[in-house]
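Breakdown of the fold
Chain residues, written in single-letter form:
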Amino acid sequence: MIENNSKRNVCVRGPDAFLKIKVTEPKPYAAGREGITAAMKHSFKEMGVVRAMATLLHMNQKEGFDCPSCAWPDPEKPSRIGEYCENGAKALADEATTSHIGAKFFEKHSVEELSLRTDYELNTLGRITEPLVLRAENVHYSPISWEEAFTLIADELHSLKSRNEAIFYTSGRSSNEAAFLYGLFARAFGTNNLPDCSNMCHESSGVALSETLGIGKGSVKLEDLYGAEVIIVAGQNPGTNHPRMLSALEKCKENGGSVISINPLEESGLVNFKNPQRFKGLLGSGEQITDLHLAVNINQDIPLLKLILKKLAALDKLEGNIFDHDFIQEYTAGVEPLLNDLDSYSEKELLELSGVSSEKVDAAVKLLAGKQKIIVCWAMGLTQHKNGVETIREYVNLLLLKGAIGKPFSGTCPVRGHSNVQGDRSVGIMHYVDKQFNERIETHMGFSPPNEEGVDVVGAMQSMYEGKAKVFMALGGNFLMAASDTDYTAEALQRCELTVQVSTKLNRSHLVTGKTALILPTYGRSEKEAKDGHRFVTVENSMGRVRRSKGVLKATSKHLKSEPELIASLADVYFKGKHAVDWKALGTDYSKIREMIDKVARGFKNTELRAKGVGYYLPNNVRELDFSKLPDGRAQITINRLPEHILEADEYMLMTIRSHDQFNTTIYGLDDRYRGVYNERRVLFMNPADMAEKGLEKLEVVHLSSTYDKKNRTAYNFKVLPYKIPKGNLAAYFPETNVLVPYNHYADRSQTPISKSIKVRVIKKVNRDSP
Ligand code: SF4
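All of these numbers come straight from a predicted model, not from anything done at the bench.

Near the ligand the following residues occur: Asn-60, Cys-67, Ser-69, Cys-70, Trp-72, Tyr-84, Cys-85, Gly-88, Pro-243 and Arg-244. Classifying every residue of the shell around the ligand gives six nonpolar, three polar and one charged.

So, about the packing of aromatic side chains. Scanning the model with the defined rule gives 22 aromatic pairs in all. A ring pair is formed by Phe-185 and Phe-575, whose centres lie 6.2 Å apart and whose planes are at 85 degrees; its orientation type is edge-to-face. Taken together, the residues Phe-185 in helix α8 (residues 176-189) and Phe-575 in the loop between α27 (563-574) and α28 (583-588) connect sequence positions 390 residues apart. Comparing Phe-185 with Phe-575 shows no difference in burial state: the two are buried. For the pair Tyr-488 and Tyr-743, a centre-to-centre distance of 3.7 Å together with 5 degrees between the ring planes defines the contact as stacked. With Tyr-488 in helix α26 (residues 486-494) and Tyr-743 in the loop between β30 (729-733) and β31 (758-764), the pair connects residues that are 255 residues apart, well separated along the chain. With respect to burial, Tyr-488 and Tyr-743 carry one shared label: buried. An aromatic cluster is built from Phe-168, Tyr-182, Phe-185, Phe-189, Tyr-574, Phe-575 and Trp-583, whose rings are joined through pairwise contacts. Over the face of the ring belonging to Phe-189 we find Arg-163, whose NZ or CZ atom lies 5.1 Å from the ring centre.

One can describe the packing of helix α24 (residues 457-465) onto α26 by two numbers: an axis separation of 7 Å at closest approach and a directional angle of 55 degrees. Overall, the two elements α24 and α26 adopt an arrangement that is oblique. Like other packed secondary-structure pairs, α24 and α26 cross with a definite hand, here left-handed. Of the residues in α26, those touching α24 at Met-461, Gln-462, Met-464 and Tyr-465 are Tyr-488, Thr-489, Glu-491, Ala-492 and Leu-493. Looking at the contact of α24 with α26, its residues break down into six nonpolar, two polar and one charged.

A few words now on the packing of α8 against α27. Where α8 contacts α27, the axes come no closer than 8 Å and their chain directions differ by 15 degrees. Relative to α27, the element α8 is oriented roughly parallel. The chirality of how α8 crosses α27 is left-handed. Side by side, α8 and α27 meet where Glu-177, Ala-178, Leu-181, Tyr-182, Phe-185 and Phe-189 of the first sit next to Glu-563, Pro-564, Ile-567, Ala-568, Leu-570, Ala-571 and Tyr-574 of the second.

The three strands lie next to each other as β2-β10-β11, forming an open sheet whose pairing is mixed. Each edge of the open sheet carries a strand with a single partner, namely β2 (30-31) and β11 (287-288). Sheet analysis places strand β10 (residues 272-274) next to β11, joined by two bridges and oriented antiparallel. When the sheet's bridge partners are listed, Asn-272 is paired in β11 with Gln-288.

Attention shifts here to the nonpolar core. Within the largest apolar cluster, 59 residues are counted, with the highest numbers of intra-cluster contacts made by Leu-157, Phe-168, Phe-185, Leu-518, Leu-520 and Trp-583. Sorting elements by how many residues they give to this core places α8 first, with 10 residues. Setting aside anything within four residues of it in sequence, one finds Phe-185 in contact with Leu-157, Phe-168, Ile-567, Leu-570, Ala-571, Tyr-574, Phe-575 and Trp-583. By size, the runner-up hydrophobic cluster in this structure holds 55 residues, among which are Trp-378, Val-389, Leu-399 and Leu-400.

Further remarks concern the environment of Glu-680. Along the polypeptide, Glu-680 turns up in the loop between β26 (677-678) and β27 (683-686). Ignoring sequence-local partners within four residues, the contact set of Glu-680 consists of Phe-18, Leu-19, Ile-21, Leu-670 and Tyr-733. A distance of 3.0 Å separates the side chain of Glu-680 from the backbone nitrogen of Arg-682, its partner in a polar contact.

This part covers the sheet that holds β30. Taking strand neighbours around the barrel as the criterion, the six strands line up as β23-β30-β27-β29-β28-β31 in a closed arrangement whose pairing is mixed. Across the sheet, the mean angle from the axis of one strand to that of its neighbour is 45 degrees, orientation sign disregarded. One ladder, built from four bridges, connects strand β23 (residues 651-657) with β31; its direction is antiparallel. Its bridge partner lying in β31, Met-653 is registered against Lys-759.

Where burial is concerned, most of α24 is hidden: seven out of the nine residues are buried. Among all positions of α24, only Val-457, Val-458, Gly-459, Ala-460, Met-461, Ser-463 and Met-464 are buried. In this fold, the buried residues of α24 make contact with β7 (166-170), β16 (471-475), α25 (479-482) and α26. The residue sitting at the N-terminus of α24 and contributing the capping side-chain oxygen is Asp-456; that oxygen lies 3.3 Å from the backbone nitrogen of Val-458. Within two residues after α24, Gly-467 carries a phi angle of roughly 80 degrees, on the positive side.

Moving on: helix α9 (residues 203-213). In terms of burial, α9 is a largely internal element, nine of the 11 residues being buried. The inward-facing, buried residues of α9 contact β14 (374-378), α20 (380-383), α21 (388-401), β15 (411-414), α22 (421-426) and β22 (635-636). After α9 finishes, the residue Gly-214 shows a positive phi value of roughly 85 degrees.

As a rule of thumb, non-glycine residues mostly have phi less than zero, and peptide bonds are mostly trans rather than cis. Here the bond from Phe-734 into Pro-735 is cis, since omega is 5 degrees, no more than 30 degrees from zero. Note that Pro-735 resides in the loop between β30 and β31. Of note in the backbone geometry, Asn-679 takes a positive phi value of approximately 60 degrees without being a glycine. Along the chain, Asn-679 turns up in the loop between β26 and β27.

What counts and what doesn't
- Residues numbered from 1 in each chain as written.
- Predicted model: local features only at pLDDT ≥ 70, side-chain atom pairs only at ≥ 80, totals over all residues.
- Heavy atoms only, no water.
- Near = heavy atom within 4 Å.
- Nonpolar A, V, L, I, M, F, W, Y, C, P; charged D, E, K, R; others polar.
- Phe/Tyr/Trp six-rings, centres within 6.5 Å; stacked < 30°, edge-to-face > 60°.
- Helix = DSSP H or I, 4+ residues; strand = E, 2+ residues; numbered from the N terminus.
- Buried < 20%, exposed > 50% of the residue type's maximum accessible area, 1.4 Å probe, protein only.
- Lys NZ or Arg CZ within 6 Å of the ring centre and 35° of its normal.
- Axes fitted to C-alpha atoms, helices over the stretch in contact; angles between N-to-C directions.
- Parallel < 35°, antiparallel > 145°, perpendicular 65-115°, else oblique.
- Left-handed = near helix turned anticlockwise from the far one by under 90°.
- Contact = heavy atoms within 4.5 Å.
- Pairing = 2+ DSSP bridges.
- Core = buried A, V, L, I, M, F, W, Y, C linked by side-chain atoms within 4.5 Å.
- Polar contact = N/O pair within 3.5 Å; in protein donor to acceptor, adjacent residues only side chain to side chain.

Just distances and angles here, no functional claims.
Below you can see the structure in the form of structure tokens.
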């Protein structure tokens, strides 16, 4: 057993006491006037009226900055009155807040005391204004100069026996410039230990799409959604997580398209959307978005899809024109084995597994049968299961059989959660080895990067836990709360010699640390990256368009450093000014970084000029119907197993979800307005019949426990809410329920944690430790 290096007595999970909950009926629509009120309330509270209004007008505008929240694309012709949603406004208010904390605050409050506050309370404290160090055995952060901080990291890195003892994690908030430089530094240092937040979310999409279509990204552009005949929204809650997507769905509906939603929960945003930018949305009845909702059992999309495909295949046999046979013949491989495989299942078996009524399945088949312009959008509801990769491949099968790939108004649309998570990967944040990428580094940057595969998030946790990694550096994010198995992750971090967080605000990852810890404060997206405001960065949205982002606000403090600047300075100190790369020059002049990105990263070209305005699309082989890199030069139709869902008699399937007042691990508030839950996060959404069977009353307190590999994990204190969710299924908020997700259970081939299908028991509370 390895000693926990950090002897501090911190609370890893945060408090689990209840607040004063208020519950109403779920909202029958999303956005509307309440959306505007909520957005303004957050903005005015955090930023003041004048600053809020002036800054919001620059968000998602050609000459302004990119929304720091999700990765939904901006339209080519942005509206002048505002291209943002409630969540974008909350994200901006959160980073542009006028509340600040520095050395004095930390002198007064120890990490032990701070760890007793909730994640919501920590986030309300405000922006961190200066570099801080938590020295070994201390319980208070104290100020440190930038030079001293860089020397401390460099010394620790030099002291490692192996380069793989260091881990460089990236969150999806970083710009292309920062991410490229960070990846370059890790490689120059000598490791591919570059885990990133995408390992925990869309890695399954990347793997499934690469295997079937030859690129790990989606194929549609925003405008494709407007003209689609059918859009399937699967395992996704756009009303809360990608709100402006609802405007695109609204346009699709107005143009005569249909929307099918496939999700265990019927989310408000997909029922009806009251677009606050339109008269009908503000004062009228809004737009009904979903034509058909299939309340599939958690992680039973594969049986549902197989059933739909089976029925479409039967129709095709009769009519001959349901599938696109010319497309299948010219561009795909694997159709015959798939049709044979579909024959091997009984409709009854598939229907039962899916949990959907046969009428609804028939309605879906009817909607899809005569259509070719089909788009499938999805998010974590598909990716975070053991069979996440296979589920996505099954949706790709549907698109390929319908010829709905590589054509206008058709294709794949994995919707990314963090604003530049896709860009980070495009510029080199990856733990695996891309030989061509490495060769280009060698040619253009003058050093040889390592060719040994690094660790992803799961590997990073294991490495730290087992004492194989000693330094953990995070470019943004809140690793502790984002990763699965909170207690295990905490212990892993605490076993490090040094943990370094590049951050804007305080979170739990600053409190549960290695022996020594550093906080390096940086700019938010809305802030000017240089005093005269001439510097800009670039980002890539969910649909592969690269555009520039230029902050407009004065920096929170003069002691901040931009991410590229601080990475370059660290590299310069580490290499003592002697390295093939001129780090100093790159850290000052971002156009030089973009020049290097153009040379090294695939598809980037003349970014300095082309990223202006609405930016430019990176090449996408699917849009060109070019499958030459795949076996036989064809898109792959695949055979996917049914998920194994073996539950014990007293077990339920739990999915983790986010509340409306939340963005990833950041908790902006305590309400989940669309689901009718106010002032509480410790709730369990449960089918009323399941509650009755278990003898549970509304708001009764329970604990949740999961057992994997004979190890029990328990999350304490949840109030049960009767909710419209399929029987046997449960939902509760992330990250409170991360403690139940075993770190070593993840999606095959992508290693994405199984956060959306956790087998749990519901235990009535008798006393605090009743399980
Ligand atoms: S949809 Fe996403 S990117 Fe757009 S404004 Fe809302 S949160 Fe920001």
